[in-house]
Amino acid sequence: MNIPEPSNFIQEIIVDDLKTGKRNAVHTRFPPEPNGYLHIGHAKSICLNFSTAAKFGGKTNLRFDDTNPSKEEIEYVDSIREDVRWLGFDWEEREYFASDYYDQIYDFAEQLILKGKAYICELKGDAVSEYRGTLTEAGKPSPWRDRPVSENLDLFRRMKAGEFEEGACFLRAKIDMAHPNMNMRDPAVYRIKKASHHRTGDKWCIYPMYDFAHPISDWIENITHSICTLEFEAHRPLYDWFLQALELKNCPQQIEFARLNLTYTMMSKRRLLELVQNKVVMGWSDPRMPTISGLRRRGYSPSSIREFCDRIGISKADSMVDINLLYFCIREELNASAQRAMAVLNPVKVVIDNWEEGRFDEIEVENNPENPAQGNRKILFGREIYIERDDFMENPPKKYFRLHPDGEVRLKGAYFIKCVRVDKDDQGNILEIHCTYDPASRGGESPDGRKVKGTIQWVSVPHAVSAEVRLFDHLFTLENPADVPEDKVWSDYLNPNSMIKCEAKLEPMMGKATLADRYQFMRLGYFCLDSEENKQGKLVFNRTVELKDSWGKMQAK
RNA sequence: UGAGCUAUGGUGUAAUGGUAGCACAACAGAUUCUGAAUCUGUUUGUCUUGGUUCGAGUCCAGGUAGCUCAACCA
């Protein structure tokens, strides 16, 4: 086999394993717990597991890590399937559940008991932690630690039979109560939980702990490299201990990498759930959420997310990725492919005084200047148009090159117009801007060769399509919402302007937009139809990401 | 003297004992019928102190800082 060059430390381990003959294949798995929706951090793990295996000719399983029936739901299983598939990965027929292995895992637990490596402990709640000791002090042995094997086995079988209440007793591995690694101080292996499981129903009233179920599940599936995040590093000795205690061969190897942190983004599943439950957002798929479903609804493509995951790299150092990189990835793709359209989010009417009423002119504009193959389209231009309120200033600052009194601006694809007068109400608000146009500038060039610095988009008043447009910003105002000052809580940093709704005017073709379409509203950003509102038949557009704005940046200074 | 892990520009990531590179961001200019895109250029880096070596970001030792671990969660 021709072994590819490694491009991160995990691949280095794999290449080494392949070269030394420790492994002759690569098999990974993506093991989500179905207790919430997948987010961009999971996307990193999904891409890592699937592409790493693929690179070395191996396979990746989808395995639901469902060992805690009280937190897990079928709704989450469905969403996880959908999201992984949407991201572009295929687990073929290898869809598994840890709960598929409950019988085997149970048998392994009995074996552990038979080998004298596990016992039933009757310590309750606080007593368990008391006996465990602290980070700096050794724990002490449970009074039940040296029960005879037969008694342990009997008790364990009675636990399984439902003879005891929750918390009455639990199965523990017999390792070392003085171990410097707290995870090795006789960790729990099985606990009683009288809860219905989303797949096994009421068959079981005892459930294995993650630390026990995970290595066994990996082993059953012939996983070679079990990739997980850094917080499981201290669990690795336990992972290895169980496999060794059970005398298993061809064992998987756990490798940890640093999870993704993104600026201005909350990645904790628990807090994401709170946002949903407290109705801070419209649900798991709110376009402001970092969930896969949120990104999808926002207009991100699977390929842009994969590109992002590829660019951020893999390492063991804690890091905080600048969200601008995500923005860059989707802009780069959409710039090359998105249909251009003209839209006005905050309209003000312009009347062209020297244009006859009722006359219209057919203007031709490119669908995508980055890709001429996308062709041109025709739009009607007339006496009354909308332009962006921001594209006119009565008293413009230096270097403002859009419309202003006596100033000339180009209407995209149409004509040069010059502002001659402004109509205002009593409060001084602008009602209408009156302009004259230069008939010789049709198409946007003047035969006299005079230059017009500014070009703005426009929408014909009688042909305009009205729609709601939603502009999104960070949900949090803190760069790291996971790290709030001591006297504050994270909800103090919610951004009140994370969603702004506009009543916009769009060019006529936007009335026929479909869910699959991606648009660049010229000078405003990239947009797509909102999938939820579309179900109600409403025309609502989401801004996926704005265009870079060097003018805005200049103004801010 | 609890254990483990980590440390490269503002951010992320390469360099596997031999010229510190790439991307994003930032800045400047060119260009532009999108103040976008594109093009050109610029700024900024090996946590620290020793040691090994002809040569150290890389190896060794000591510091420092950050992260993780005391659920019958995953």
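The rules behind each value
- Residues numbered from 1 in each chain as written.
- Chains lettered and ligands numbered in written order.
- Predicted model: local features only at pLDDT ≥ 70, side-chain atom pairs only at ≥ 80, totals over all residues.
- Heavy atoms only, no water.
- Buried < 20%, exposed > 50% of the residue type's maximum accessible area, 1.4 Å probe, protein only.
- Helix = DSSP H or I, 4+ residues; strand = E, 2+ residues; numbered from the N terminus.
- Near = heavy atom within 4 Å.
- Polar contact = N/O pair within 3.5 Å; in protein donor to acceptor, adjacent residues only side chain to side chain.
- Nonpolar A, V, L, I, M, F, W, Y, C, P; charged D, E, K, R; others polar.
- Pairing = 2+ DSSP bridges.
- Contact = heavy atoms within 4.5 Å.
- 1 Å grid on protein atoms, 1.4 Å probe; cavity = no way out; pocket = protein on both sides within 12 Å on 5 of 7 lines; lining within 4 Å.
- Points joined across faces, edges and corners; volume = space filled by probe spheres on them.
- Salt bridge = Lys/Arg side-chain N within 4 Å of Asp/Glu carboxyl O.
- Domains from an automatic or database assignment.
- Buried area = accessible area lost by both parts, 1.4 Å probe.

1. A word on helix 7 (residues 210–220)
Turning to step 1, where the next piece is worked out: Within helix 7, 9 of the 11 residues are buried, leaving the element largely enclosed by the surrounding structure.
Turning to step 2, where the next piece is worked out: Here helix 7 has its buried residues at Asp211, Phe212, Ala213, His214, Pro215, Ile216, Ser217, Asp218 and Ile220.
Turning to step 3, where the next piece is worked out: Trailing helix 7 by a residue or two, Asn222 shows a phi angle of about 60°, which is positive.

2. Observations regarding the protein's contact with RNA strand B
Turning to step 1, where the next piece is worked out: In the vicinity of RNA strand B there are 68 residues, among which Glu12, Gly443, Gln520, Arg523 and Lys553 approach most closely.
Turning to step 2, where the next piece is worked out: Expressed as a percentage, the sugar and phosphate content of the atoms of RNA strand B within 4 Å of the protein is 63%.
Turning to step 3, where the next piece is worked out: The contact in question runs from a phosphate oxygen of RNA strand B to an N or O atom on the side chain of Ser315, over 2.6 Å.
Turning to step 4, where the next piece is worked out: Between RNA strand B and Arg340 there is a distance of 2.6 Å, counted from a base oxygen to a side-chain nitrogen or oxygen.
Turning to step 5, where the next piece is worked out: Per element, the largest residue contribution to the surface near RNA strand B is 4 residues, and it comes from helix 12 (residues 323–337).
Turning to step 6, where the next piece is worked out: The residue inventory of the surface near RNA strand B, partitioned by class, reads 24 nonpolar, 17 polar and 27 charged.

3. As for the sheet that holds strand 15 (residues 384–388)
Strands in a sheet are paired, the pairing made by backbone hydrogen bonds, and the direction either parallel or antiparallel.
Turning to step 1, where the next piece is worked out: Spatially, the 7 strands line up as an open sheet ordered 19-16-17-18-12-15-20, and their pairing is mixed. Two strands bound the open sheet, and with one partner strand each, they are strand 19 (455–456) and strand 20 (459–460).
Turning to step 2, where the next piece is worked out: In this structure, strand 16 (residues 408–411) lies alongside strand 17 (residues 416–424), joined through 3 bridges in antiparallel fashion. Paired with Glu408 across the strands is Lys418, a residue of strand 17.

4. Examining the side chain of Ser45
Turning to step 1, where the next piece is worked out: Within the secondary structure, Ser45 is located in helix 2 (residues 40–55).
Turning to step 2, where the next piece is worked out: We classify Ser45 as buried; its relative accessible area is 11%.
Turning to step 3, where the next piece is worked out: Each residue touching Ser45, except ones within four places of it in the same chain, is listed here: Phe30 and Phe257.

5. Description of the environment of Asp90
Turning to step 1, where the next piece is worked out: Summarising the element assignment, Asp90 is placed in the loop between helix 3 (74–87) and strand 3 (95–97).
Turning to step 2, where the next piece is worked out: Placed 37 residues apart in sequence, Asp90 and Ala127 show a C-alpha to C-alpha distance of 47 Å.
Turning to step 3, where the next piece is worked out: From its side chain, Asp90 meets the backbone nitrogen of Glu92 in a polar contact 2.8 Å long.

6. Quick word on empty space enclosed by the protein
To locate leftover empty space, one rolls a probe as large as a water molecule over the atoms.
Turning to step 1, where the next piece is worked out: Tallied over the entire structure, the rule returns 3 cavities of 30 Å³ or more.
Turning to step 2, where the next piece is worked out: One number sums up the size of the largest cavity: a volume of about 230 Å³.
Turning to step 3, where the next piece is worked out: In terms of lining residues, the largest cavity is bounded by 19 residues, among which Thr265, Arg288, Met289, Arg298 and Ile323 are the most central.
Turning to step 4, where the next piece is worked out: Top contributing element to the lining of the largest cavity by residue count: helix 12, with 3 residues.
Turning to step 5, where the next piece is worked out: Partitioning the lining of the largest cavity into residue classes produces 14 nonpolar, 2 polar and 3 charged.
Turning to step 6, where the next piece is worked out: Taken together, Arg340, Val365, Glu366, Pro369, Arg377, Lys412 and Met522 make up the lining of the second largest cavity.
Turning to step 7, where the next piece is worked out: Class assignment of the residues belonging to the lining of the second largest cavity gives a composition of 3 nonpolar, no polar and 4 charged.

7. Observations regarding the pattern of salt bridges
It is possible for side chains of opposite charge to pair when their charged atoms get near one another.
Turning to step 1, where the next piece is worked out: All chains considered together, the criterion is met by 46 salt bridges.
Turning to step 2, where the next piece is worked out: Between Arg145 and Asp186 there is a salt bridge, and its shortest N-O distance comes to 2.7 Å. With Arg145 in the loop between helix 5 (125–132) and helix 6 (149–160) and Asp186 in the loop between strand 5 (170–173) and strand 6 (188–192), the pair connects residues that are 41 residues apart, well separated along the chain. Assigned by exposure class, Arg145 and Asp186 land together as buried.
Turning to step 3, where the next piece is worked out: Across the pair Glu408 and Arg450 runs a salt bridge whose closest N-O atoms are separated by 2.6 Å. Note that Glu408 is positioned in strand 16 and Arg450 in the loop between strand 18 (430–437) and strand 19, a separation of 42 residues in sequence.
Turning to step 4, where the next piece is worked out: Taking relative accessible area as the criterion, Arg450 reaches 29% and is therefore assigned partly exposed.

8. Remarks on the domain arrangement of chain A
Size of an interface, as often reported, equals the accessible area lost when the parts are brought together.
Turning to step 1, where the next piece is worked out: The assigned domain composition of chain A is domain 1 (9–259), domain 2 (269–339 + 468–556) and domain 3 (343–457).
Turning to step 2, where the next piece is worked out: Here the C-alpha centroids of domain 1 and domain 2 sit 35 Å apart.
Turning to step 3, where the next piece is worked out: Counting residues at the interface gives 26 residues for domain 1 and 24 residues for domain 2.
Turning to step 4, where the next piece is worked out: Around 2200 Å² of area is buried between domain 1 and domain 2 when both sides are counted, 70% of it from carbon and sulfur atoms.
Turning to step 5, where the next piece is worked out: The three residues of domain 1 that bury the most area against domain 2 are Tyr37, Ile40 and Trp86, which together make up 31% of that side's buried surface.
Turning to step 6, where the next piece is worked out: Linking domain 1 with domain 2 are 4 salt bridges, by the criterion used here.
Turning to step 7, where the next piece is worked out: Lys316 is paired through a salt bridge with Glu233; the nearest N and O atoms lie 2.5 Å apart.
Turning to step 8, where the next piece is worked out: Linking domain 1 with domain 2 are 8 residue pairs in polar contact (both at pLDDT 80 or more), by the criterion used here.
Turning to step 9, where the next piece is worked out: Breaking the side of domain 1 that touches domain 2 down by element, the ones donating at least two residues are helix 1 (9–20), helix 2, helix 3 and strand 9 (253–257).
Turning to step 10, where the next piece is worked out: Of the residues that constitute the side of domain 1 that touches domain 2, the class distribution is 15 nonpolar, 5 polar and 6 charged.

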